[in-house]
Amino acid sequence: MVREEKLVAWVQVTPQAEAQGDLKDAYDAVKGSDGRVENLYLAMSQTPKAIKPADDHYLALLHNPDNPLTPWLSELVSTYVAILCDCDYASANHGKNYCTYLGDPTQGEQVLAALRAETWEQSIDDPAVLAALQYTRKLSLTPGQVNADDIANLRRAGYCDKGISYIVQLVSSFAYWARMINGLGTQLGDKIGL
C-alpha cells in the first residue's frame, strides 16, 4: 500500500527524512520536541540558509522572557497581522496560541471573530489593547502613514518604548511570515498552535 503524502506547499519540498547537508542541519535546528519539522520550515527547503535565522528571529520575539508584553497580547498582535494578510496558517496557529495564553477560549474566540469581522474597535474596552491593535492595523496596511503621533498614542496607552519596539517587531515579522506562507502556499499541518 502506497501512503499518499499531504501537500506541504506549492513549491518542491524536501521531506525531513531526505534532507542532507545544510538542509538537514537547518531541519535539525528547528525541529520540535516531537522530532518533526513544521510545514512552515519544510516549505522553506529551497532556501536552507534562511530557515534557522528566521526561526531565531521568531523565537526572539514570541518566546523571549525579556518581552514586556504579555504572551497573549504578543499572540493577539501576531494573529491580527495574519488576519489582515489573509494568512490562514498563521491566524489559525497564533489564534489558538492567543486563546491558550488568554486562558479563556470562549472570550478568545469572540475577540478573534471581532478581528475577522473588523468590529473589534466597538467590542474591546481595554485602552492598551485597543491602541496596540489600532497601531497593528496602521503599520500593516498603511506603513507609510505611521508617524510620531502613533508612538505617542501607544505611550499614552501605557506602553514603554521597549514594549512599543516589540509591537513594531511583531507586526513587521508577521507581515514577513504571512507573505512567506501565502507566497509558498504553505498548508496547515496536523498540529495547530503550541
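Scroll up to find the structure this text is about.
Let us look at the structure shown here. Note that the coordinates shown come from a computational prediction; the quantities given were computed from them, not determined experimentally. (Residues numbered from 1 in each chain as written. Predicted model: local features only at pLDDT ≥ 70, side-chain atom pairs only at ≥ 80, totals over all residues. Heavy atoms only, no water.)

To continue, consider the overall build of the protein. Broken down by element type, the protein carries 10 helices and 0 strands. Starting at the N terminus and ending at the C terminus, the protein contains elements arranged as α-α-α-α-α-α-α-α-α-α. Computed over C-alpha atoms, the radius of gyration of the protein comes to 18 Å, within 12% of the 16 Å expected from 2.2 N^0.38 for 194 residues, which places it in the range of a compact globule. Seen through its principal axes, the protein has C-alpha atoms that stretch 60 × 30 × 30 Å. The 194 residues of the protein split such that 42% are buried. Look at the contacts in the protein between residues 6 or more apart in sequence, and 66% of them connect residues 24 or more apart. (Helix = DSSP H or I, 4+ residues; strand = E, 2+ residues; numbered from the N terminus. Rg over C-alpha atoms; globule rule 2.2 N^0.38 Å. Buried < 20%, exposed > 50% of the residue type's maximum accessible area, 1.4 Å probe, protein only. Contact = heavy atoms within 4.5 Å.)

On to the packing of helix 8 (residues 127-141) against helix 9 (residues 148-156). Interaxial distance between helix 8 and helix 9 falls to 9 Å at its minimum, and their mutual angle equals 160°. As the angle between them shows, helix 8 and helix 9 are arranged roughly antiparallel. Considering the relative orientation of helix 8 and helix 9, their crossing is left-handed. From helix 8, Ala131, Ala132, Gln134, Tyr135 and Lys138 reach across to helix 9, where they touch Asp150, Ile151, Asn153 and Leu154. Classifying every residue of the contact of helix 8 with helix 9 by side-chain character gives 5 nonpolar, 2 polar and 2 charged. (Axes fitted to C-alpha atoms, helices over the stretch in contact; angles between N-to-C directions. Parallel < 35°, antiparallel > 145°, perpendicular 65-115°, else oblique. Left-handed = near helix turned anticlockwise from the far one by under 90°. Nonpolar A, V, L, I, M, F, W, Y, C, P; charged D, E, K, R; others polar.)

Within the secondary structure layout, Glu75 lies in helix 4 (residues 71-84). Among buried Asp, Glu, Lys and Arg side chains, Glu75 stands out as unpaired, with Arg116 the closest opposite charge at 12 Å. For Glu75, the side chain forms a polar contact with the side chain of Asn97, separated by 3.5 Å. Look past the residues within four positions of Glu75 in its chain and what remains in contact with it is Leu62, His94, Asn97, Tyr98 and Tyr101. (Lys, Arg positive; Asp, Glu negative; His and termini not counted. Salt bridge = Lys/Arg side-chain N within 4 Å of Asp/Glu carboxyl O. Polar contact = N/O pair within 3.5 Å; in protein donor to acceptor, adjacent residues only side chain to side chain.)

A few words on the packing of aromatic side chains. On inspection of all chains with the given rule, the structure shows 5 aromatic pairs. Here Tyr80 and Trp120 contribute two aromatic rings whose centre-to-centre distance is 5.5 Å and whose plane-to-plane angle is 75°, an arrangement assigned as edge-to-face. In this pair, Tyr80 sits in helix 4 while Trp120 sits in helix 7 (residues 120-123), placing the two residues 40 residues apart along the sequence. Side by side, Tyr80 and Trp120 carry an identical accessibility label, which is buried. An aromatic cluster of at least three residues, connected via ring pairs, comprises Tyr41, Tyr176 and Trp177. (Phe/Tyr/Trp six-rings, centres within 6.5 Å; stacked < 30°, edge-to-face > 60°.)

Take helix 5 (residues 88-102) next. Counted at 1.5 Å a residue, the expected span for helix 5 with its 15 residues is 21 Å, and the 20 Å between its end C-alpha atoms agrees. Those residues of helix 5 not exposed but buried are Tyr89, Ala90, Ser91, Asn93, His94, Gly95, Asn97, Tyr98 and Cys99. Once helix 5 finishes, Gly103 follows within two positions and takes phi at roughly 85°, a positive value. (Expected span 1.5 Å × (residues − 1).)

Assignment of secondary structure puts Tyr98 in helix 5. For Tyr98, a relative accessible area of 2% gives the class buried. As a C-alpha pair, Tyr98 and Ala50 span 48 residues in sequence and 27 Å in three-dimensional space.

Before going further, it helps to examine the pattern of salt bridges. For the coordinates displayed, the defined rule picks out 8 salt bridges. Between Lys31 and Asp28 there is a salt bridge, with its nearest N and O atoms 3.7 Å apart. Judged by relative accessible area, Asp28 falls into the partly exposed class, the value being 33%. Two residues, Lys52 and Asp56, come together in a salt bridge whose shortest N-O distance is 2.5 Å. Of this pair, Lys52 and Asp56 both sit in helix 3 (residues 48-62), 4 residues apart, roughly one helical turn.

Let us look at unusual backbone geometry. The phi torsion at Asp86 lies on the positive side, around 55°, for a residue other than glycine. Here the phi dihedral of Glu118 falls at roughly 60°; this positive angle occurs in a residue that is not glycine. Counting through the fold element by element, Glu118 comes out in the loop between helix 6 (105-117) and helix 7.

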